[in-house]
Each structure stands twice: as C-alpha cells, then as structure tokens.
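Survey of secondary and tertiary structure
So you can see what is in the structure, the chains are spelled out below.
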Amino acid sequence: MLRVEDIYKDYDGKPLLKGITFEVQEGELVCLLGSSGSGKSTMLRIIAGLEEPKSGKVYWNGEDYTQKPTHERGFGLMFQDYALFPHRSVAENIAFGLRMAGRSRSEIDSLVEKALASIRMQDFADRPVTELSGGEQQRVALARALAPDPHLLMLDEPLGALDHNLRTELLKELRKRLHDSQKPVIYVTHDQEEAFALADRLLLLHEGLLVQEGSPETVFNQPANAWVASFLGLGNLVPAKLVSPNLVETDLGQFKLATSSDIEIGSDCMLLLRPEDAIVDGKATDSSNYLPATVRDSVFMGEYFRLEVMVGQTLLQVHSPHPVSIGETISIGWSESALQCLPE
Amino acid sequence: MKRSRSLTWLLWLIPLVFLLYFFYQPLLAIFRQVFSERFNQGWQFFSWDQISRPLLFTFWQAFLSTLLTLLIGLPAAYLFSRFEFTGRKTLHTLSLLPFILPTVVVATAFNTLIGPRGWLNLILMDMLNLSNPPLNLLNSLPAILLAHVFYNTSIVIRMVGNSLTRLNPHFDEAARVLNAKPWQAFREVSLPLLMPTILGASLLVFLFDFTSFGVVLMLGGPQYATLEVEIYTQAMNRFNLPMAGLLSVIQLVVTLLITLAQNRLKNPRFGKAALSSEQKTRQRPANRRQKLFVILMCLLLVILFVSPILSLVSRSLVTFEAARGERGEFETGFTTRYYSELFINRSGSIFYANPLAAIRNSLVYSVLTMLIATSMGLLTAYALSRLGSLRRWLEPIFMLPLGASAVILGLGFLLTFNRPPWTSGPFPILIPIAHSLIALPFVVRTIMPAIQGIPNSLREAARVMGAKPWKVIREIDLPILLRALIVSLAFSFTISLGEFGASSFLANARTPTIPVTIFRYISQPGALNYGQALAMSTLLLITSAAGSLLIEKIRLPGEELF
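Note that the structure is predicted; figures quoted are calculated from it, not measured. (Residues numbered from 1 in each chain as written. Chains lettered and ligands numbered in written order. Predicted model: local features only at pLDDT ≥ 70, side-chain atom pairs only at ≥ 80, totals over all residues.)

1. Description of the overall build of chain A
- On a plain count of helices and strands, chain A comes out with eight helices and 20 strands.
- In terms of principal-axis extent, the alpha carbons of chain A reach across some 75 × 45 × 35 Å.
- The burial tally for chain A puts 38% of its 344 residues in the buried class.
- For chain A, the share of sequence-separated contacts (at least 6 apart) that also reach a separation of at least 24 residues comes to 65%. (Helix = DSSP H or I, 4+ residues; strand = E, 2+ residues; numbered from the N terminus. Buried ≥ 20, exposed ≤ 12 C-beta atoms within 10 Å, placed from the backbone. Contact = placed C-beta atoms within 7 Å.)

Next up, the structure:
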C-alpha cells in the first residue's frame, strides 16, 4: 500500500524531517503523533503532493508517486481548519471532489445524499457552510473528504479546533466512521488520548525522526526513550546512572531492576517511576526500592488519590488507593518488575 | 454634562459650515449655471456632439486603461503575495509609490521617456543619424493608457494583493486534494473568493481613469479630450461656462454612480471566513516555470515603474542642445543648469512664470492646506464618531467630496468666488481651501479608525479620576491619535504640493504653483524651458516620494486609504 522512504525536508533553511520511513497497510489506521512543529503536518502534505520532499520517495502499491500531481493521487486530506469552501453550500462542498472527478450528475446527487445521511445532516444540504457550528463543520469536512472514495484518507488534527466536550463526543463517532470505511488512514495528532483511542499503530515523531513505532500497548508498556515517556505522560522521570545490568543509581538512592537494560553500563539514563505502580505504605518486595517521602498535596480522583510527594529534593507523583494527610511522612516503593530505565 | 454636549454641537458645526460654504455652494453654482441657461436660451448653447464625443472617449479610455491595469496588476499582486525573492520589499514599495505622485510629474516623466525630446527618440536619432525625432508617441491614446497603467497598477497590487495574502491557502489545496487540476482549483475556488476584491479594485481604477485630468491634458494633446479636459478647455480657453457646467453635471452623476457601486462591493458576504489566514503564503519560486514568471514580472515592473522615474531624473541633468545647421550633431553633457536657473530671477516674456515664486507659493499653500485639512478632518472625524442617529444623515454630506473631481471644484470656485473679497484680497486663500477639500476625505479616513479604536472606557476612567473634558482629550485622545495625525499632515501636504486640477483654474500669473508652472514650461518651446520643467518635476518627485514613504512607514497596517 503506502510506503514513504527516507523523506528529508527543510523548512526555512532548517531540517524539519530527517529521514522518515514507514508503511501503511490496507485498512490500517496509523496515528502520527508528535508535538507541534515536529513536522507531522508536513509529512501529510508530502504524501498528498502539496509539498515536495527534499529527498526521499513516496510509493503507492509499488508505484513511485513522488512527482505525481496532487489531483492525480486519489488521496483524501482533511485540514485542521477544515478549509470548507465559504462560497459554496454544504451539498456543493461534498459534491466538489465528485464533480472534479467527472462523475455524472445523477451519481453525484445520490452520493451526496448518502453522505449527508451518514452524518445525519440531510436538512443542511443548502445551508452556507459559514453558518455551521464547529462540530457540524467537522462532520461536513470528513464527509467531503470521503465522498470521492479516496484510496487513502489523511486527517490533520481533525478535532484540534473543537472544545473538550465536543471532542470526546466526536472522537467516538470518528472512530466508528473510520473503522467502517475500511480505508487506510493516517491520523495526525498531538493528543495521545486521541491516538490511543483510534490507532492500530502509532508513529512517534520527534525532532524530525521517527523515535518509536508500534501498537498503543507496546508504546505504552515499553516506551523507546525518555522523550516518549514524557510526551505520553507516563510518569516521573528521574535522572539515573546504570551501575550494573540490574542496578541504577539516582539522587533518590539505588533501584533494582528485574529485567536487565540494553543500555551500556556506566552511562546516563532516565528511570521511569509510574505513579500507578507505586506501592504506598505497603511492604515492598525489596527494601532497596523503598523511599521515605513527605506528602505535599493530595487530590481525590475517584478511584485513587493523586499525591505529590517530596523525596529529598525531588517532587514525585504517585497514586494511593487510601487517603493520606498532607505533611505526613510515608514510605513509597516500586517493585523491581515495574521499573524501566530509558535512554535519554 | 450640558457643557460637553454644547461642545459636541460646535464640533460638527464647524466642518459642516465649511463644507456647505466651500463645497456645496460652488457645486450648486454649477447646477444653477446650467439650468438658468437652459431656461433662458433653450438647449441652443450646445450640440450633442460636443457632449457625446468627450463622454464616449472618457468611457473608452477608462475601459481600456482599467483592462490594461488589471492585465499587469493581477499577476503583480500574485507575484508579491505568493513569492519570496531578493528585492521583493523594495520592488513592492516602489510599485506602491506612483499612487501619490502628482499627475504633472507622471506626465513629465513619460514625456522624457517617449516625448519628442525624450530618451527613446534621442537614442533612435543618435543610432539612425536623424535630425528629427522619429517617433511621435506623445499626444496619442497609448501615451494616456501607459500613464494610467503606471498610476493605477499600485491600486490593484495593494487591494488584490492584500486579499491574496489573507486568502487561506488551504482552500486551493483542499480543491486539489479533491481531484481538481490546478487551473480548476483556481477557477472554482480562488477566483470566486477573490472576485469581490477584484471587482472593487477595477471600479476604483475605472473611477480614477474616468476622472483623470492632468495626464490626459499633458499627454493626450488637443484631439484627445476627456470630460475633465473638456471642462477645462470650455471654461478656460473658450469661456463657455454653461457648457463646462453641463459637462460637470454629467461627470458628477457618472462618478457618483461608480462610487455607489464601489461602496456596495466593499463588504462581500463571505469575506471574513475566506480572508482570515495567518498562514505563511510566500515561498521562493520552486520550479522553472515559477522562476521564469518571477523574473519576467520583476522585469516588467521595473520597466514600468522605474524607467519613467529614472528617465525624468537623468534627463533633468543632461543637456541635448542641437547645434544649429549641422545634422544630427548635438552638444551633450551633464549639467545642473536647469536647477540653478530655477533660482535665478529672470523676467521678460509675458509667458514667463517665476519658478522661485512658484516654489514659495506651493510651500505656503501646502502648509496651510496641511493645517486646514487636518483640523477640519479631525473635527469631522470626531463629529462622525460621536453623533449617534444624526450620523446616518450627516455622513454622506461629509464624505461626498471624495466623488467630486478637482476640476469641478475649480470650476465651482471660479463661478462662486470670482469676486471681491476673494479676488482682491492680498493672499489667494482659495487655493489652500480647494486643496483642503480634496485632501479632506483622505484625512477623515485616516483619523476615523484611530478615533473609533479608542475604547470609551479609557475616557471614562480618566473622567472618573477627575479629568476635565479638555484634559481627557489632551491626556487620552491626542497621544493615541498622534500617529494618525502625522499621517494626515503628511498626506495633505503631499496632496497640496502636487495638486493640479483645481489649481489650473485658480492659480493665475501672479500666484503660480509648482505643478501649474511645470505645465506652462513644458508646453513651451526651448531647451531651457523643458529642462526647468524637468528640474522642478524632479524636485516635486523627491518631495512626494519622501512624503509617501513617511506615510507608509508610520501608517498602521489595515487602514484602508480608499
């Protein structure tokens, strides 16, 4: 299906993409995840043919698409600002791609009607798009992108312009629509919740490089490096030094690891202490992973209490199943199997 | 409270009385002239041909000029808003310059390029060894069109370029992703979104071409007369005031209609949604076709905008006196004589116009205009932004002077104030007053947004803290308005310095202005007259360009001048 190979791209004279390679298989939903300015939108624009890479290739079913004009690619792209044509009605917007593809009048009419029905907006056909709400615009934009039956659908932060409540609601709808369409999808976002909810596979883009690729579970359980863990908000990251295959040294003290790390002995790394894995005031399996801590803050979150604790000069976040009072000194610990040391 | 209301009344009464007396009274005089003649003598004083010929020609040349202006202006607007290249800013500033250049300067500049004593003919005479200029491009329709294109391309670049820059590039890209070929994306999406702006700019260009006076008078010659030129000829050369009046009425009606149409186009219904991009739209030309486009457009614009200016300046510093008797032989060389002659007080023939006096007069008129126009404009802008329900009725009264041409104003002044004390007074105050009326709409349009931009809460806060009404103005309004006021001062000064239409009616041999003197010099034979006209034009060019650059520098972005 889609294969991009060793894509390089400069922006304002600075390298933005530094050799990106990945594939998208039939019916697969891939999320391109990265912070703003990481070049993920540019990656989409290169696949769509709106921008040319400095070097590298884009293949579709083995055919080199790198020089192919946008309108001959048959890919769909939904813009973050939707780019609905303000001088055309809802129906005319959805019909645009079909009309440009040279479909017959009757065919266009029936397909537009179907598309409007699928987003439950039949009554909106003749409305100007400038009068739609944000959520309605998002639906029309998706319907417009899907109407010409593209081989590949790309979405650039499709929920980015909406407020939080609407996002949660539309995310569910989007998930269903994208899976029902059976199309390969590349979904660009900076929001890991969206990515986890939608993706078959995640691609994490950082400083022009793909730093990790894999299913949401894999990425969550085995982040490739400290940036991934921090970007996904997996937990506390503490600077550490690997002193032996199963032992790290930090400002908080020494920690034992169950699995030996691939990191070279003696080099610096980041120790990931996940809040949900913390054992608060329990019996740690190994006393060396146990720390005395002062409670700074405690917030009731429903299923647990979110604590902020001070260990020496370091502030950590941990989850506690039972209430503790602020100012109290408690002991927190992590079992050996819950700890990971990640390259920086 | 009561005191401040009486102050408001006074505020809008001053400019209202000024306009009624100096604008509407002369306008009324023109109408009275026409209709009294009509009732006294029937329609005998004119033949249809006398009206239809200039009217049709005015429409025809304005139509052609607008078409040509769009032909160059639209690609130029595209060039500046979509491409990044070395020298872009300089070329952009240069291409916006002509709008404020005085008509006599533009006409003189083209004279030095394509006229019988211009560079083109001099070069051809030298190359082909001829004794007479081979090309007669002056006094022709192409000369008029060329000058109009030079003038108004800047309007298209400014207006359409502005819209293009703000047009979200995602629309075009979305169309191309939805299977549209590049030209289809342009036709189906970009063009319809830009159409209101293009139409608005076209109408404005048409209006300026329609009311063009100095350019047509100086480059068109006797056989090409627009309505404006015909009004001038009838009034000043044939002394047929009723005819001039009738032509003025026709001219007023047509310009009013165009202005109304232009105003209706100002607010397109989807303007906001389409023109709200913060995306970066300019890119370096990527492929060979784009590079070729950029190079060719730059070349065209440099030729169009730079060659007349360079031609004027260089020709004013070079002498080409034909040595008598010898064919094709010239004394050539660098000279500053044309400039130094300006400051030597010679007299002799009755045609003699004293350049030094003209420069002095023009400077005095400009300073007066600057003061009158800015103070009247300030009062008008305040009145318009403070009056609630009355505004609907008063705004057209205040804004109408923009539609009236300088020539009609000149004619109206001639009809109304051609009597003591206006004519016998020690100082010709009428000229700065006419100039102020011409500058007033620009001044109001500059100051008004600044006044409306001051939130009332600032004034209220000052009042609550104990500031008296005049203190509020001094402490709050004036500092905020300062920038707009400086622009207004520079604007009215520059307009007055280059004004030709009204001055050509009002400035007599005793009170010449620089443009009027340039016009007299250039229509007389003799190398020295020609050279002095060029020298004066160059000085005027430099002053106007400096004024225009100053305005561009301190003007806030987003303030529309038209």
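2. Observations regarding the overall build of chain B
- From N to C terminus, chain B includes 23 helices and two strands.
- Counting all 562 residues of chain B, 43% fall into the buried class.
- Nonlocal contacts in chain B, meaning residues at least 24 apart in sequence, comprise 80% of its contacts between residues at least 6 apart.

3. Thoughts on the pairing of strand E16 (residues 290–300) of chain A
Residue and element names in this part refer to chain A.
- Where E16 and strand E19 (residues 329–333) come together, five bridges link them in antiparallel fashion. Across the sheet, Tyr290 pairs through a bridge with Gly333, a residue of E19.
- Here E16 runs beside strand E17 (residues 305–311); their pairing, made up of six bridges, is antiparallel. From the neighbouring strand, Val295 faces E17, where its bridge partner is Val309.
- Counting the residues that bridge the hairpin from E16 to E17 gives four residues, and of these Gly302 lies at a positive phi of roughly 105°. (Pairing = 2+ DSSP bridges.)

4. Comments concerning unusual backbone geometry
Residues and elements named next belong to chain A.
- Phi is positive for Tyr82, close to 70°, though the residue is something other than glycine.
- With respect to the element layout, Tyr82 can be found in the loop between strand E6 (75–78) and helix H2 (90–100).
- Its identity is not glycine, yet Ala83 carries a phi of approximately 50°, on the positive side.
- Along the polypeptide, Ala83 turns up in the loop between E6 and H2.
- Looking at Ala83, the number of C-beta atoms within 10 Å reads 23, which means it is buried.

5. A closer look at the interface of chain A and chain B
- Each partner contributes residues to the interface: chain A has 19 residues there, and chain B has 19 residues.
- Listing elements by their share of the side of chain A that touches chain B, those giving two or more residues are E6 and H2 of chain A.

6. Some words on the confidence of the model for chain A
- Here chain A averages 90 in pLDDT, and 98% of its residues register 70 or above.
- When the elements of chain A are averaged for pLDDT, helix H5 (residues 164–181) of chain A gives the smallest value, 85, and strand E4 (residues 55–60) of chain A the largest, 95. (pLDDT = per-residue confidence, 0-100.)

7. Regarding the sheet that holds strand E8 (residues 185–189) of chain A
Residue and element names in this part refer to chain A.
- The six strands lie next to each other as E6-E7-E8-E3-E9-E10, forming an open sheet whose pairing is mixed. Looking at strand neighbours, the two that pair on one side only are E6 and strand E10 (209–214), the edges of this open sheet. Here the strands of the sheet are splayed against their neighbours by 15° on average, with no regard to which way each runs.
- As paired elements, strand E3 (residues 29–33) and E8 share five bridges and run parallel to each other. Residue pairing in the sheet places Val30 in a bridge with Ile186 of E8.
- Running over the sheet, helix H4 (residues 134–146) touches E6 and strand E7 (152–156) and is turned about 170° from E6. (Axes fitted to C-alpha atoms, helices over the stretch in contact; angles between N-to-C directions.)

8. Concerning the domain arrangement of chain A
- Taken domain by domain, chain A consists of domain 1 (2–221) and domain 2 (235–342).
- Computed over C-alpha atoms, the centres of domain 1 of chain A and domain 2 of chain A are 40 Å apart. (Domains from an automatic or database assignment.)

9. Things to note about the packing of helix H19 (residues 456–464) of chain B against helix H20 (residues 469–498) of chain B
Residue and element names in this part refer to chain B.
- Across the interface, H19 lies against H20 with an axial gap of 10 Å and an inter-helix angle of 135°. Comparing the axis directions of H19 and H20 gives the class oblique. The crossing of H19 and H20 is right-handed. On H20, the residues touching Leu458, Arg459, Ala462 and Arg463 of H19 are Val472, Glu475 and Ile476. (Parallel < 35°, antiparallel > 145°, perpendicular 65-115°, else oblique. Left-handed = near helix turned anticlockwise from the far one by under 90°.)

10. A short note on the packing of H2 of chain A against helix H3 (residues 105–118) of chain A
Residue and element names in this part refer to chain A.
- Their axes nearest at 9 Å, the elements H2 and H3 cross at an angle of 130°. Classed by the angle they form, the pair H2 and H3 counts as oblique. The handedness of the crossing between H2 and H3 comes out as right-handed. Facing H2, whose interface residues are Ala91, Ile94, Ala95, Leu98 and Arg99, H3 presents Ile108, Leu111, Val112, Ala115 and Leu116.
- Within the contact of H2 with H3, the residues separate by chemical class into nine nonpolar, no polar and one charged. (Nonpolar A, V, L, I, M, F, W, Y, C, P; charged D, E, K, R; others polar.)

11. A few points about helix H22 (residues 514–522) of chain B
Residues and elements named next belong to chain B.
- For H22, the buried fraction is high: eight of the nine residues fall into the buried class.
- By the burial criterion, the buried members of H22 are Ile514, Pro515, Val516, Thr517, Ile518, Phe519, Tyr521 and Ile522.
- In this structure, the buried side of H22 is in contact with helix H4 (103–114), helix H9 (214–219), helix H15 (355–386), H20, helix H21 (503–506) and helix H23 (527–554).

12. Brief notes about the domain arrangement of chain B
All names here are of chain B.
- Domain boundaries assigned for chain B yield domain 1 (1–36 + 352–562) and domain 2 (51–334).
- With 39 residues of domain 1 at the interface, the matching set in domain 2 holds 42 residues.
- Mapped by element, the contributors of at least two residues to the side of domain 1 that touches domain 2 are helix H1 (2–41), helix H17 (406–416), H20, H21, H22 and H23.
- For the side of domain 1 that touches domain 2, the leading source of residues is H23, giving 15 residues.
- A per-class count over the side of domain 1 that touches domain 2 returns 25 nonpolar, 13 polar and one charged.

13. Topic: the sheet that holds strand E5 (residues 63–64) of chain A
Residues and elements named next belong to chain A.
- Strand order across the open sheet formed by four strands is E2-E1-E4-E5, with antiparallel pairing between neighbours. Both outer strands of the open sheet, strand E2 (14–24) and E5, are each paired with one neighbouring strand and no more.
- Of the strand pairs in this sheet, strand E1 (residues 2–11) and E4 are connected by five bridges, and their pairing is antiparallel. Across the sheet, Tyr8 pairs through a bridge with Ser55, a residue of E4.
- Against the sheet, helix H1 (residues 40–48) engages E1, E2 and E4, with an angle of about 120° to E1.

14. Observations concerning the environment of Leu97 of chain B
Residue and element names in this part refer to chain B.
- Tracing the backbone shows Leu97 in the loop between helix H3 (88–96) and H4.
- The exposure class of Leu97 is partly exposed, given the 18 C-beta atoms found within 10 Å.
- Spatially, the C-alpha atoms of Leu97 and Leu178 are 41 Å apart, while their sequence positions differ by 81 residues.
- Apart from the residues lying within four places of it in its own chain, the contact partners of Leu97 are Ala545 and Ser548.

15. Observations concerning the confidence of the model for chain B
Residues and elements named next belong to chain B.
- Summary statistics for chain B give a mean pLDDT of 82 and a share of 85% for residues scoring 70 or more.
- With pLDDT under 50 throughout, residues 323–329 is counted as low confidence; its partners more than four residues away or in other chains account for eight contacts.
- The complex model carries a pTM of 0.81, and its ipTM stands at 0.85.

16. Comments concerning the environment of Leu199 of chain B
- Residue placement: Leu199 of chain B occurs in helix H8 (residues 182–210).
- Leu199 of chain B sits 93 residues away from Val106 of chain B along the chain, and the two C-alpha atoms are 26 Å apart.

17. Focus: H17 of chain B
- Across the 11 residues of H17 of chain B, 10 count as buried, placing the element largely inside the fold.
- Among all positions of H17 of chain B, only Ala406, Val407, Ile408, Leu409, Gly410, Leu411, Gly412, Phe413, Leu414 and Leu415 of chain B are buried.

18. Side note on the pairing of strand E12 (residues 247–250) of chain A
Residues and elements named next belong to chain A.
- As paired strands, strand E11 (residues 236–244) and E12 are joined by four bridges and run antiparallel to one another. If you follow Ala240 over to E12, its bridge partner there is Thr250.
- Hairpin geometry of E11 and E12 is characterised by an intervening segment of two residues between the two adjacent antiparallel strands.
- Bridge analysis of E12 against strand E13 (residues 253–256) gives four bridges, and the strand direction is antiparallel. In the sheet register, Leu247 faces E13, and the bridge partner there is Lys256.
- What sits between the antiparallel neighbours E12 and E13 is a turn of two residues.

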